[in-house]
Each structure stands twice: as structure tokens, then as C-alpha cells.
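Single-letter residue listing:
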Amino acid sequence: EGDGEVEHGEGASDAGLKIADEGDFDREINLTMSEWKFSDLNIEVKSGERIRFNLKNEGQIPHEFMFMTMQAMMAVNYRANRADWNLLEHEALYEKSIILPGGSFSFVATIEKDGAWMFMCMLPYHMQMGMMGQVATPGMAMDMNM
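Reading the values: the criteria
Residues numbered from 1 in each chain as written. Predicted model: local features only at pLDDT ≥ 70, side-chain atom pairs only at ≥ 80, totals over all residues. Heavy atoms only, no water. Helix = DSSP H or I, 4+ residues; strand = E, 2+ residues; numbered from the N terminus. Buried < 20%, exposed > 50% of the residue type's maximum accessible area, 1.4 Å probe, protein only. Phe/Tyr/Trp six-rings, centres within 6.5 Å; stacked < 30°, edge-to-face > 60°.

A. Up close: unusual backbone geometry. Phi is positive for Trp 36, close to 75°, though the residue is something other than glycine. Take Trp 36: it is sitting in the loop between β2 (27-34) and β3 (37-38). Residue classification places Trp 36 among the partly exposed residues on the basis of a relative accessible area of 32%. For Tyr 125, which is not a glycine, the phi torsion comes out positive at approximately 70°. Judged by relative accessible area, which is 59%, Tyr 125 ranks as exposed.

Here is the structure:
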């Protein structure tokens with residue numbers, strides 16, 4: 001569309017959330033990542049809200065950031081328990097593959113409808129050690145014990 005939107009995978013526009021590298025926003029959320037955690041694991045948002053997410057790796061090792069629908073996360077969870085799982089098998093709405101210590105980035109998410117979305121670091125074992133959170137509208141948050 002030429003307006004800087006970053007969309008990955010099939011059905012990204014049906015995800016209930018649209019992501020762009022920049023643009024107008026209603027509020028900002030600062031998230032830090034460090035060894036085995038994000039500074040906030042449960043972020044409540046409202047339908048129609050535009051949020052600028054500012055992320056920074058305050059840890060000592062590289063991390064990555066991935067934002068996806070709950071359905072895509074459930075598919076990853078299923079594959080992660082199989083012997084033939086491949087880290088490249090995922091469908092993300094937004095992804096930064098490597099954030100070095102001290103590195104930072106921002107993006108704007110427009111919440112188009114009620115729902116819940118996951119964010120995580122998918123480097124091996126980081127997610128299992130606690131680097132997984134969610135963004136959800138009221139009443140839509142999921143049980144994080146996957």
C-alpha cells in the first residue's frame with residue numbers, strides 16, 4: 001500500500017491489529033527486554049487505540065522480538081513440541097530478528113478490533129524461560145500457561 005505498513009504472512013489484515021513502522025499514536029508503551037523477561041507481560045489496550053511500542057534490549061545477550069496472533073502462537077506451540085520443528089515455521093505480524101544489547105526500535109500498532117496478541121523472543125529456549133507476553137483488549141487475555 002506504500003504507507004510503510006509492515007505485514008507478514010497470509011491474513012495479516014484479518015488479525016484485528018495493523019502494524020506500521022511509524023505514524024500517529026494515542027499513547028506510548030516502553031518495553032524493555034533482558035535475560036528471560038520483558039518489563040511487562042500483560043498489556044491492556046482498547047479497540048481503536050493506536051499505540052507506539054518502544055522496545056530496548058537492556059540485557060547482556062542478543063534477543064529477538066516477534067508479535068503474532070494467538071492462533072499463530074498456538075500453531076508455534078504445537079510445532080515446538082514436535083521433533084521436526086523448524087524455527088522458521090511461523091507467521092508473525094511483526095518481527096525484528098536480532099536486537100543486540102543496547103539496541104532499540106519502535107513500531108505503531110493500531111488495534112482494529114477486540115482480541116489478544118502475543119509477543120515473544122523466539123531464540124532457542126528464551127520463550128520457555130519467560131520471554132513471552134500478551135497485548136489484549138479487556139476480557140480477551142488468555143491464560144499464559146501454554
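Structure shown, so let's carry the discussion forward.
B. Main features of the packing of aromatic side chains. Within this structure, the stated rule accounts for 12 aromatic pairs. When the centroid spacing of 5.0 Å and the interplanar angle of 85° are considered together, the rings of Phe 38 and Phe 119 count as edge-to-face. Taken together, the positions of Phe 38 in strand β3 and Phe 119 in strand β9 (residues 116-120) put the pair 81 residues apart, joining distant regions of the chain. Residue Phe 38 is classed as buried on the basis of its relative accessible area, which comes to 4%. With a centroid separation of 6.3 Å and 35° between ring planes, the pair formed by Phe 65 and Phe 67 is classed as tilted. According to the relative accessible area criterion, Phe 65 is buried, its value standing at 1%.

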